Amino acid sequence: FLVHRQSNPDRAAAGAERFRAAATAIEQALDGHEFLVGESLTVADVVTGAVLALALGKLGGLAADYPNISAYVERLKTRPAFQRAVAATESSLRD
């Protein structure tokens, strides 16, 4: 939705609202949990966490709105599998 902020503000606003709804659901799912599914790292954490890490980086100020997500991403950043996923995501966005 960021690419449409100036060219299509209505589309950007709709995208931002969808992001907030999804982030709120994830924020609630993480309440009291280290990971999204069960008590150990899964592919769901790697994939979701990579997107959330990107969003936190691109959309400054989200950490205060989503403290569970922020703590979750910080935990994931220490995991080698997550580090590889983020690197691959960033690489694909540059290409």
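J.: Tell me about the overall build of the protein, and please be specific about residues and values.
T.: The helix and strand tally for the protein stands at five helices and zero strands. N-terminal to C-terminal, the α/β element order of the protein is α-α-α-α-α. Expected size for 95 residues packed as a compact globule is a radius of gyration near 12 Å; at 14 Å, the protein falls within 12% of this value. Taking all 95 residues of the protein together, 29% fall into the buried category. For the protein, long-range pairs separated by at least 24 residues make up 58% of all intrachain contacts whose partners lie at least 6 apart in sequence. About 6,000 Å² of surface is accessible on the protein, with carbon and sulfur atoms providing 56% of the total.

J.: Mind laying out the environment of Asp 45, listing which residues take part and the relevant values?
T.: The topology assignment puts Asp 45 in helix α2 (residues 43–58). Overall, Asp 45 belongs to the buried group, its relative accessible area being 0%. For the pair Asp 45 and Arg 94, spaced 49 residues apart in the sequence, the C-alpha separation amounts to 23 Å. Aside from chain neighbours lying at most four places away, what touches Asp 45 is Phe 35, Leu 36, Ser 40, Ala 50, Tyr 72 and Leu 76. A polar side-chain atom of Asp 45 sits 2.7 Å from a polar atom in the side chain of Tyr 72.

J.: Quick rundown of the packing of α2 against helix α4 (residues 67–76)? Include the residues and the values.
T.: Between α2 and α4, the least distance of the axes is 10 Å, while the angle of their chain directions is 115 degrees. With respect to each other, α2 and α4 are oriented roughly perpendicular. Two packed elements cross with a definite hand, and for α2 against α4 that hand is left-handed. Together, Ala 44, Asp 45, Gly 49, Leu 52, Ala 53 and Leu 56 of α2 and Ile 69, Ser 70, Tyr 72, Val 73 and Leu 76 of α4 make up the contact between the two elements.

J.: So what's going on with the side chain of Glu 27? Residues and values would help.
T.: Here Glu 27 lies in helix α1 (residues 9–30). With residues near it in sequence (within four places) discarded, Glu 27 still touches Tyr 66, Pro 67, Asn 68 and Ile 69.

J.: Talk me through the side chain of Ser 70; I want residue IDs and the actual numbers.
T.: Positionally, Ser 70 belongs in helix α4. When near neighbours in sequence (up to four residues on either side) are disregarded, Ser 70 contacts Leu 56 and Ala 63.

Conventions we followed
Residues numbered from 1 in each chain as written. Predicted model: local features only at pLDDT ≥ 70, side-chain atom pairs only at ≥ 80, totals over all residues. Heavy atoms only, no water. Helix = DSSP H or I, 4+ residues; strand = E, 2+ residues; numbered from the N terminus. Rg over C-alpha atoms; globule rule 2.2 N^0.38 Å. Buried < 20%, exposed > 50% of the residue type's maximum accessible area, 1.4 Å probe, protein only. Contact = heavy atoms within 4.5 Å. Areas by Shrake-Rupley, 256 points an atom, 1.4 Å probe, with all protein chains shown as cover. Polar contact = N/O pair within 3.5 Å; in protein donor to acceptor, adjacent residues only side chain to side chain. Axes fitted to C-alpha atoms, helices over the stretch in contact; angles between N-to-C directions. Parallel < 35°, antiparallel > 145°, perpendicular 65-115°, else oblique. Left-handed = near helix turned anticlockwise from the far one by under 90°.

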